Amino acid sequence: MSRGDDLQSQALTKPAFSETQASALVESVFGLKVSKIQPLPSYDDQNFHVCVSRTKDTTDGPTEYVLKISNTESSKTPELIEVQSHIIMFLRAAGFPTASVCRTKGDNLTSLVSTDSGSEIASYLVRLLTYLPGRPIAEIPISPQLLYEIGRLAGNLDKTLEKFHHPKLSCLRRENFIWNLKNVPLLEKYLYALGQSRNREIVTQVIQLFKGEVLTKLGDFRECVNHGDLNDHNILVEAINSAPEGATYHVSGILDFGDMSYGYYVFEVAITIMYMMIESKSPLHVGGHVLAGFESIIPLTPVERGALFLLVCGRFCQSLVIAAHSCQLHPENKEYLMITAKTGWKHLQQMFNMGQEAVEEIWFQTARSYDSGIAM
């Protein structure tokens, strides 16, 4: 999900290229002949799955790509998209299953294209990435082993990015970015989208607790660059066997670096736990497996662990409130926007009703079981 800081400004900025126009972009900007193209789900950018025909000049190259057209707000910060592209390439070189970034005919990573709607001229940044194989983990039953692997992946990602350098890296300090986890209090101006409801009461309570118990401790957390959106549709998996008792999967792709920003190690694991809970049949047990995997790479400090519960609740609130607000702006995209809401409100209410101590006991006991070699 690649989204701007100001949600209000997003109402009319999502690109609306037809398949014919998108095909023409691939050919004119990247010099590839399109044989098939179809739209992919997206939040407020536009994505297409592109198949290209081989030519005498591209006999050994990939034949499947993703065309990414950024919304007009994101397109005003090309340096941010440039840094994201370099991070994708850096991680791929380090062995992570990220896409390759394709260069334009002019040997650039992006191209700015303009369209004239008659009333105004709009500009959009265009990129082409290789298409990654696999299925979103939202489509499969997630085993404790896979949750642990995803936790390790999140930890390895943050640890590897410590070595990444770029002259424009500071653009990832996105202070008012609505999806940075420290900005949970910014949700207050979007609470109207929930109406007067029990859900609104819970979110309001989470925000108040967050202000008092998380924001006051940010100085004690260890800072890093976060992917920030390791959700169940941004992690792809492939089966490595098909045993009768069920297939074993491994991670085959990491998607969507549009929410990258400076944050903290504990943010990454909290965000990952929250999204892994969405489709789980036993959501409260998810956190311990993800935490154990993450802590096998980056052990959390006691202060960071103590904030984990509210950080997970805070991410639920971000996803649910922003989805409700965005549905009012883009009702035609409601099915995609409300993916988290199908189970998210139920999970948040369950966590909140049980309370921090009870939820932590489940998480931390499960994580400890890995130390003894008996994973729960």
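Everything numeric here is computed off the predicted structure, so don't read it as measured data.

A. Spatial organisation of the overall build of the chain. When its secondary structure is counted, the chain shows ten helices and ten strands. Computed over C-alpha atoms, the radius of gyration of the chain comes to 21 Å, within 12% of the 21 Å expected from 2.2 N^0.38 for 376 residues, which places it in the range of a compact globule. Across its three principal axes, the chain shows a C-alpha extent of roughly 60 × 50 × 40 Å. Counting only residues that meet the buried cut, the chain has 56% of its 376 residues in that class. Here the contacts in the chain between residues at least 6 apart in sequence split such that 73% fall between residues at least 24 apart. Approximately 16,200 Å² of the chain is accessible, and the part contributed by carbon and sulfur atoms is 51%.

B. Spotlight on the sheet that holds strand S1 (residues 34–40). Across the sheet, five strands lie side by side as S1-S2-S3-S5-S4; this open sheet has antiparallel pairing. Only two strands of the sheet have a single neighbouring strand rather than two, namely S1 and strand S4 (111–116). If you compare each strand with its neighbour and ignore which way they point, the axes differ by 30° on average. Where S4 lies against strand S5 (residues 121–130), six bridges are found, and the strand directions are antiparallel. The residue bridging Asp 116 from the neighbouring strand is Ile 121, located in S5.

C. Representation of the domain arrangement of the chain. Per the domain assignment, the segments making up the chain are domain 1 (14–130) and domain 2 (135–372). On a C-alpha basis, the centres of domain 1 and domain 2 stand 28 Å from each other. Domain 1 puts 18 residues into the contact, and the matching count from domain 2 is 27 residues. Across the interface of domain 1 and domain 2, roughly 2,000 Å² is buried in total on both sides, 77% from carbon and sulfur atoms. For the domain 1 face of the interface with domain 2, the top three residues by lost area are Tyr 43, Phe 96 and Pro 97, together amounting to 30%. In this assembly, domain 1 and domain 2 are joined by one salt bridge.

D. Spatial organisation of the confidence of the model for the chain. For the chain, the mean per-residue pLDDT works out to 91, and 91% of the residues sit at or above 70. Below a pLDDT of 50 lies the segment residues 8–12, which in the model reaches ten contacts outside its immediate sequence neighbourhood of four places, other chains included.

E. Structural view of unusual backbone geometry. For Asp 107, which is not glycine, the phi dihedral falls at a positive 65°. Tracing the backbone through its elements, the reader meets Asp 107 in the loop between helix H2 (78–93) and S4. Even without glycine at this site, Asp 256 takes up a positive phi of about 60°. Relative to the helices and strands, Asp 256 resides in the loop between strand S9 (248–254) and strand S10 (261–264).

F. Quick look at the pattern of salt bridges. Counted by the stated rule, this structure contains ten salt bridges. Note that Lys 168 is salt-bridged to Glu 82, the shortest N-O span being 3.2 Å. Taken together, the positions of Lys 168 in the loop between helix H3 (144–161) and helix H4 (198–213) and Glu 82 in helix H2 put the pair 86 residues apart, joining distant regions of the chain. The salt bridge involving Glu 295 is made with Arg 305; its shortest N-O contact spans 2.7 Å. Taken together, the positions of Glu 295 in helix H6 (residues 286–295) and Arg 305 in helix H7 (residues 302–329) put the pair ten residues apart, joining distant regions of the chain. For the pair Glu 295 and Arg 305, one class covers both residues: buried.

Thresholds, definitions, all that
Residues numbered from 1 in each chain as written. Predicted model: local features only at pLDDT ≥ 70, side-chain atom pairs only at ≥ 80, totals over all residues. Heavy atoms only, no water. Helix = DSSP H or I, 4+ residues; strand = E, 2+ residues; numbered from the N terminus. Rg over C-alpha atoms; globule rule 2.2 N^0.38 Å. Buried < 20%, exposed > 50% of the residue type's maximum accessible area, 1.4 Å probe, protein only. Contact = heavy atoms within 4.5 Å. Areas by Shrake-Rupley, 256 points an atom, 1.4 Å probe, with all protein chains shown as cover. Pairing = 2+ DSSP bridges. Axes fitted to C-alpha atoms, helices over the stretch in contact; angles between N-to-C directions. Domains from an automatic or database assignment. Buried area = accessible area lost by both parts, 1.4 Å probe. Salt bridge = Lys/Arg side-chain N within 4 Å of Asp/Glu carboxyl O. pLDDT = per-residue confidence, 0-100.

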